[in-house]
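# Breakdown of the fold
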Amino acid sequence: MASVAGAFLKVLLLLPAQTWSPVVAGNPRDCDAPLVFALPQSSFSSSSELSSSHGPGFARLNRRDGAGGWTPFVSNKYQWLQIDLGERMEVTAVATQGGYGSSDWVTSYLLMFSDSGRNWKQYRQEESIWGFPGNTNADSVVHYRLQPPFEARFLRFLPLAWNPKGRIGMRIEVYGCAYRSEVAYFDGQSALLYRFDKKSIKPIRDVISLKFKAMQSSGILLHREGQHGTHITLELIKGKLVFFLNSGNANLAPTNAHVNLTLGSLLDDQHWHSVLIQRLDAEASFTVDKHTHHFHTKGGSSYLDLNFEISFGGIPTPGRSRKSFHGCLENLYYNGVDIIELAKTHKPQIRIMGNVSFSCSQPQTVPVTFLSSSSFLALTSNSGDDKMFVTFQFRTWNRAGRLLSGELRRGAESFVLFLQDGKLKLSLFQLGQSSRNVTAGAGLNDGQWHSVSLSAKWGHMSVAVDDDTAIQPLMAALIDSGDTYYFGGCPDNSSGSGCKGPLQGFQGCLRLISIGDTAVDPISVQQGALGRFSDLQIDSCGITDRCLPSYCEHGGECSQSWDTFSCDCLGTGYTGETCHSSLYEQSCEAYKHKGNPSGLYYIDADGSGPLGPFLVYCNMTADAAWTVVRHSGPDAVTVRGAASFVYAAGAGQLRAAVGPAERCEQRLALRCGTARLPDARDGTPLSWWVGRTNETHTYWGGSLPDAQKCTCGLEGNCIDSQYYCNCDAGRNEWTSDTIVLSQKEHLPVTQVVMTDTGRPHSEAAYSLGPLLCQGDKSFWNSASFNTETSYLHFPTFHGELTADVSFFFKTTVSSGVFMENLGITDFIRIELRGESPILYKAERNIKGASLQVDQLPQKIQPAPVNGHVRLQLNSQLFIEISAYFETGSSVTYNFQEHHILSENSSALASSLHRDVTLTREMITLSFRTTRTPSLLLYVSSFYEEYLSIILANNGSFQIRYKLDRHQDPDAFNFDFKNMADGHLHQVKISREEAVVMVEVNQSAKKQVILSSGTEFNAVKSLILGKFLEPPGADPDTRRAAARGFTGCLSAVRFGRAAPLKAALRPGGPARVTVRGHVVAASRCAAGAGSGSPARELAPRLAGGAGRSGPTDEGEPLRNADRRDSAVIGGVIAVVIFILLCITAIAIRIYQQRKLRKENESKISKTEEC
């Protein structure tokens, strides 16, 4: 069964390949203009070029001049093509081609951007997907819409993979529009102070928006003060943005008066980041880039008690020790006011303090990214020097890794500088001696920049990190430095002491490298003029924070390395890669089902939902499981007024536990002395209780809500018939009412109030029992699928980041689809392909997917190495079925009715059919057959456009697309193998304009490009099986259509249409027409094992075979119901007809024999004469 589990995991890890066309994906801002085609030659540059005719200036999309595109001198992963847009532009899309008419194209690439042509930043899709899929031939164009767009002047395309039979070849285009920018530069000692009109009414709504680029990791971005200590501050602290708010309300506890929110990480990367702060009265939100935090200011209106001035870039008050901001602010707006524009024009509302300029200086620092543990940078040193001095800065998430190694005294001694457990460690080696070690710093794997200096002189070697220094004596006083220093890993042929052992190379970023008194220029390294390297990304720091946002659920603690993140679920009550799955059952009923005895248990009423587990007592009786939720109140209460009760579970947890219960109750035993519940004279409530939703209730016991009666009042046996509760009699004696509250939507009781105990000698005492609930409707919510056409529909399955599915099932069949949900390219399917287990539990999260069957070991499939993908599903969640087609049968699914049009009514036709004009579609189907040629699927149009999927005479899989009736169809032959072999084959076809991707049996993939068009206009119908004379079809399609299809079809989907489900559903829609014999089949995969071709025998539906298909007149399936008598009559008629034919033939044969004998008799008599 473990192998069965493993077969299902791949359905939860899906790789969409979304493309975009500027024509289709209209932008309301019209920011789709091509930006590259009109640029001069000087705007293009590259790492190298194969020849002058392969230079970067020939890399414009669809151009054929030169050699028809850019090709570098050497095809490797260190090549790049760079575009200078002339100024910062908003970039919304990119497009790529290969070299014109060549075998040179790029199949995947990275996209980098920069403001200055230095310090490049990599564009990432969905926060984790790195590369873009490229081209599959030289001339097709692949577009990608960038979500979100970005602003930049320079772009770089870095090829990752290319056609193995050719070279790197690229032609590109970039789409976007002009970008408006107002910039101010702050040098770390300056600020802008904005004063607004004191007479203006204080706004109910405040909005502050800006972008910033930080040169240092800390500094004040904005500050505003008010009376009584009120203030708001936005401050960058160690690369994270912190929003401080002090309401100044002395009546509030300190935890309520202060708001301290932190968003963002690595914001000191010298790239632009956006900030938006919004407040509407006491509700506020804080957004950094794409991450938003909503909060409520407990101070209420006191938040408005702020001064009429706000400072940007620092706090202008003398004596403040907090660091000012060093960097650039862009498009700074306060309630719609352009602050930078006011400063540039020297408006009186703005006061400039210090040196503020209105252009953003660009950093000249060149970082280097060590992408893997084998990455290295080898730099030469001044061999023979009697001293050594190396400095650099690094940042990483890894706790361990080799940073620097080299030799001393001509190989007699060597050193290794490395990280171990987040500390910097220096090891010295001498031949025949044990290593000597010193350690400096701690927690250095925090993603921050750390400064390192390593020096050796006069018999001592010292290492310093930030402010921590350690010194190690050398064995000899004479220093003689080696020839080469290795940063990161070591080359394969290196044999130095520092390269031995299990220690892996450094992964992270380095910058500001100096050897001796000379600063190292990484650009010279990149150009091959200095040192050598492997697997580096120069002029870019590729560090990302994988814990922002944290995908660890339920309070799990996120930690990370350079490549991945992990979640510590200890103490959360949850388990799994992201702490998603609860350790506890959802109810006492579930524990009882597992055979657990009575006792204390944690239950998690919403499973993997946001509510946490809580402790209950499960009372397991012979026929039920009772959930007992106790409160913190005393067993007996003497009441004079109100008493409140607190439960171990919160309101949401109680609601989740009570909701699915069969019934709940709570007992209240009341003893009273002259105290009354309701006033019998005027009905004024003297006593009441409060339920879970804080609503007041005046009914008691088993009475109906708002009846204001106890149980004795309903039963008519109160001690005084004038009253509806015993305690209402007000007798000078103790009386009692035993009350059972059973309206579960009001339970549990949170407060009991009695107001009639203030009279002399009036008192009451009661005890409130625990909340008792029995049963679990969500656990026993079984459904029986009695026929192969049974199905359930649910809303779309939301599995963008994390989701899980669990269910019990019992079946006698060996295969079938449990659930399926489709999107344009993504899908989820869980199916059975073997013996019947008892419990299925599937989970999909950002780290991967898992599947568990019964108590077998869990099967885990990691996420793709290039990142997590958000599933985009849009159909309903459903169970699919299979159908067997006998020879000559067919199913026709009509998308829309035909409208009679005149020859000159093309505009009308377009308006009538525009809702089914497609620029993209996804088709899935599974089939099993041994007949050729066969028509698997045909989609027709009112304009003689069509799509056909066929098996040719030799069993090859072929597709025909004709998207322009004036052109020949595009015909594609996929030489996967003979697919008419009686085995089950799965096919998935997705089209995005002219790009068609075909996948067979979840492994073989092929991409083709259409030339006949990109739009499928006025789609009319979908046909499965046989039909005659398809209009305008090619000869192969006509031959296959005439033969039809004989065999089993399953899981047929065209977009959202499911023709088999519509055809075989009882009372199916009138748009479906069935001809011949088409019956539901539950075992389309039967016999598909290796070496045993499946038998093409149609399984019959029990009690329903007579409805499986109408006669050849093509009536809709819903009108095809035939009674048994009609069937029997037809059979009898056929039998009688056959008998009559046999009788006639026998009589004819008898007559011929008799005539022959008579003729032979006459001839013999003649001969005798």
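On a predicted model such as this, the values are computed, not experimentally measured, just so you know.

So, how was this worked out
- Numbering of residues begins from 1 in every chain and follows the order in which that chain's sequence is written.
- In view of the model being predicted, local features appear only for residues whose pLDDT reaches at least 70, and side-chain atom pairs are presented and counted only at 80 or more, with totals across whole chains, interfaces and linings using the full set of residues.
- To obtain the side-chain values, all non-hydrogen atoms of the structure were included, while hydrogens and water were left out.
- Counting from the N terminus, the helices are DSSP H or I runs at least four residues long and the strands are E runs at least two residues long.
- By the convention used here, residues are in contact when the closest approach between their heavy atoms is within 4.5 Å.
- Per-residue and other accessible areas follow the Shrake-Rupley method at a 1.4 Å probe size, with only the shown protein chains counted as cover for residues.
- For this analysis, a ring pair means two rings from Phe, Tyr or Trp (six-membered ring only for Trp) whose centres lie within 6.5 Å, classed as stacked if their planes differ by under 30 degrees, edge-to-face if by over 60, and tilted for the remaining angles.
- The buried label applies to any residue whose accessible area, calculated with a 1.4 Å probe on protein chains only, is under 20% of its type's maximum; exposed applies above 50%, and partly exposed to all values in between.
- Throughout, the arc means that of the directions going from the helix axis to the C-beta atoms.
- In protein, a polar contact requires one atom able to donate a hydrogen and another able to accept it; more generally it is a pair of N or O atoms within 3.5 Å, and residues adjacent in sequence count only if both atoms are side-chain atoms.
- Strand pairing is assigned whenever DSSP identifies at least 2 bridges connecting the two strands.
- Helix axes are fitted to C-alpha atoms over the stretch in contact, other axes to C-alpha atoms as well, and angles between N-to-C directions run from 0 to 180 degrees.
- By definition, disulfides here are pairs of cysteine sulfur atoms that lie within 2.5 Å.
- Patch membership requires more than 30% relative accessible area and the absence of a salt bridge. Residues of like charge join within 9 Å; the nonpolar side chains Val, Leu, Ile, Met, Phe, Trp and Tyr join within 5 Å.
- Any carboxyl oxygen of Asp or Glu that lies within 4 Å of a side-chain nitrogen of Lys or Arg is treated as forming a salt bridge with it.
- UniProt positions are given in the numbering used here, feature names are shortened, and annotations may be inferred rather than shown by experiment.
- In this count, Lys and Arg are taken as positive residues and Asp and Glu as negative ones, while His and the chain termini are left out.
- Note on charges: their place is set at NZ of Lys, CZ of Arg, CG of Asp or CD of Glu.
- Every residue is assigned a pLDDT by the predictor, reflecting its confidence on a scale from 0 to 100.

### A short note on the overall build of the chain
- When helices and strands are tallied, the chain shows 11 helices and 74 strands.
- A separation of at least 24 residues holds for 70% of the contacts in the chain among residues at least 6 apart in sequence.
- Carbon and sulfur atoms make up 51% of the accessible area of the chain, which amounts to about 54200 Å² in all.

### Remarks on the packing of aromatic side chains
- Per the stated rule, a full pass over the model turns up 26 aromatic pairs.
- Centroid distance phenylalanine 243 to phenylalanine 286: 5.4 Å. Interplanar angle 35°. Geometry classified as tilted. Separated by 43 residues along the polypeptide, phenylalanine 243 in strand S14 (residues 240–246) and phenylalanine 286 in strand S17 (residues 283–288) bring together distant segments of the chain.
- On the basis of relative accessibility, which here comes to 2%, the residue phenylalanine 243 falls in the buried class.
- Taken together, a centroid distance of 5.9 Å and an interplanar angle of 70° make the contact between phenylalanine 370 and phenylalanine 506 edge-to-face.

### Section: helix H9 (residues 1035–1043)
- Residues of H9 that are buried include every one of Thr1037, Ala1040 and Ala1041, and no others. Projected onto a plane normal to the axis of H9, the buried residues spread over an arc of 100° and lie on a single side.
- On the buried face of H9, the contacting elements are strand S64 (934–941), strand S65 (946–951) and strand S66 (957–962).
- The N-cap of H9, judged by a side-chain oxygen 3.3 Å from the amide nitrogen of aspartate 1036 a few residues on, is aspartate 1034.

### Some details on the environment of glutamate 944
- When you line up the elements, glutamate 944 lands in the loop between S64 and S65.
- The class of glutamate 944 is partly exposed, set by a relative accessible area of 38%.
- Distance in space between the C-alpha atoms of glutamate 944 and proline 1031 is 6.3 Å, their sequence separation being 87 residues.
- The residues contacting glutamate 944, other than those within four sequence positions of it, are Lys962, Arg965 and Gly1032.

### Examining the sheet that holds S14
- Read across the sheet, 7 strands follow the order S15-S14-S13-S12-S19-S10-S22 without closing on themselves; strand pairing throughout is antiparallel. Each edge of the open sheet carries a strand with a single partner, namely strand S15 (258–263) and strand S22 (350–353). Sheet twist, expressed as the average angle between the axes of neighbouring strands with direction ignored, equals 10°.
- Summarising the sheet, S14 and S15 pair through 6 bridges and their orientation is antiparallel. Across the sheet, the residue bridging to leucine 241 is leucine 263, located in S15.

### Structural notes on the state of the cysteines
- In the structure shown here, the tally under the stated rule is 8 disulfides.
- Paired by a disulfide, cysteine 552 and cysteine 567 hold their sulfur atoms 2.0 Å apart. Linking cysteine 552 and cysteine 567, the disulfide has an S-S dihedral of approximately -85° and is accordingly described as left-handed. Here cysteine 552 is found in the loop between strand S38 (536–538) and strand S39 (557–560), whereas its partner cysteine 567 is found in strand S40 (residues 565–568), with 15 residues between them in sequence.
- A relative accessible area of 16% means that cysteine 567 is categorised as buried.
- Here cysteine 588 engages in a disulfide with cysteine 618; their sulfurs sit 2.0 Å apart. On the sign convention where negative means left-handed, the S-S torsion of about -75° between cysteine 588 and cysteine 618 marks this disulfide as left-handed. Taken together, the positions of cysteine 588 in helix H5 (residues 588–593) and cysteine 618 in strand S44 (residues 614–620) put the pair 30 residues apart, joining distant regions of the chain.

### A look at the side chain of threonine 924
- In this structure, threonine 924 sits in strand S63 (residues 920–928).
- At a separation of 3.4 Å, a polar atom in the side chain of threonine 924 contacts the main-chain carbonyl oxygen of alanine 1051.
- In this view, threonine 924 contacts Val987, Lys988, Ala1051, Val1052 and Arg1053; residues no more than four positions away in its chain are not counted.

### Re a nonpolar patch on the surface
- Residues Leu600, Tyr602 and Leu615 make up a contiguous nonpolar surface patch of roughly 290 Å² in combined accessible area.
- Assessed through its relative accessible area of 59%, leucine 600 is described here as exposed.

### Considerations on the side chain of serine 190
- Checked against the element boundaries, serine 190 lands in the loop between strand S9 (183–187) and strand S10 (191–195).
- The class for serine 190 is buried, based on a relative accessible area of 2%.
- There is a polar contact of 3.2 Å between the side chain of serine 190 and the backbone oxygen of asparagine 355.
- Residues in contact with serine 190, not counting those within four places in the same chain, are Gly313, Gly314, Ser324, Met353, Gly354, Asn355 and Val356.

### Examining the UniProt feature "domain: EGF-like" (unreviewed entry) in the chain
- The UniProt record annotates "domain: EGF-like" (unreviewed entry) at residues 543–580.
- Within residues 543–580, the helical portion is 0% and the strand portion 26%, while the C-alpha atoms at the span's ends are 27 Å from each other.

### Focus: the environment of glutamate 665
- Structurally, glutamate 665 can be placed in strand S48 (residues 663–673).
- It is 6.2 Å that separates the C-alpha atoms of glutamate 665 and leucine 771, two residues lying 106 residues apart in sequence.
- When residues no more than four places from it in sequence are discounted, the contact partners of glutamate 665 are Val740, Leu741, Ser742, Leu747, Pro770, Leu771 and Leu772.

### Re a negative patch on the surface
- A cluster of like negative charges, contributed by Asp446, Asp466, Asp467 and Asp468, occupies part of the molecular surface.
- Turning to its location among the elements, aspartate 466 is positioned in the loop between strand S32 (460–465) and strand S33 (468–473).

### A short note on the confidence of the model for the chain
- Summarising the model, the chain shows a mean pLDDT of 79, and 73% of its residues fall at 70 or more.
- Within the model, pLDDT remains below 50 along residues 1086–1128, and this stretch shows 80 contacts once partners closer than five positions in the same chain are excluded.

### Overview of unusual backbone geometry
- Cis geometry marks the peptide bond from leucine 548 to proline 549, where omega comes out at -5°.
- Along the chain, proline 549 turns up in the loop between S38 and S39.
- A cis amide bond, omega 5°, links leucine 747 with the succeeding residue proline 748.
- Relative to the assigned elements, proline 748 resides in the loop between strand S51 (734–741) and strand S52 (751–754).
- Phi at asparagine 62 is positive, roughly 65°, even though this residue is not glycine.

### Structural notes on the pattern of salt bridges
- This structure, assessed with the given rule, holds 27 salt bridges.
- Two residues, lysine 344 and glutamate 182, come together in a salt bridge whose shortest N-O distance is 3.0 Å. Note that lysine 344 is positioned in helix H3 (residues 339–344) and glutamate 182 in the loop between strand S8 (171–178) and S9, a separation of 162 residues in sequence.
- Using a relative accessible area of 36% as the deciding quantity, one classes lysine 344 as partly exposed.
- Look at glutamate 182 and you get buried, because its relative accessible area is 10%.
- Between arginine 399 and aspartate 421 there is a salt bridge; the shortest N-O distance is 3.5 Å. A residue pair is termed long-range when its members are at least 10 positions apart, and arginine 399 in the loop between strand S26 (388–395) and strand S27 (401–408) and aspartate 421 in the loop between strand S28 (413–420) and strand S29 (423–430) qualify at 22 residues.
- Overlapping salt bridges, with partners in common, bring together Arg88, Asp115, Lys213 and Glu330 in one network.

### Re the sheet that holds S28
- The 7 strands lie next to each other as S30-S29-S28-S27-S34-S25-S37, forming an open sheet whose pairing is antiparallel. Where the open sheet ends on each side, the last strands, each with one partner, are strand S30 (436–440) and strand S37 (532–534). The mean inter-strand angle of the sheet, taken between neighbouring strand axes irrespective of direction, is 15°.
- Where S28 and S29 come together, 8 bridges link them in antiparallel fashion. Bridged to valine 416 within S29 is serine 427.

### Side note on the environment of tryptophan 626
- Structurally, tryptophan 626 can be placed in strand S45 (residues 625–629).
- With 146 residues separating them along the chain, tryptophan 626 and leucine 772 place their C-alpha atoms 6.4 Å apart.

### So, the pairing of strand S4 (residues 106–114)
- Counting buried residues in S4 gives 8 out of 9 residues, a clear majority hidden from the surface.
- Here S4 pairs with strand S7 (residues 142–162) via 8 bridges, running antiparallel. Paired with serine 114 across the two strands is phenylalanine 154, which belongs to S7.
- Relative to strand S6 (residues 132–133), S4 runs antiparallel, the two being bridged by 2 bridges. The partner of tyrosine 109 across the bridge, within S6, is phenylalanine 132.
- Taken together, the 2 bridges between S4 and strand S5 (residues 121–122) define a ladder with antiparallel strand orientation. The residue bridging methionine 112 from the neighbouring strand is glutamine 122, located in S5.

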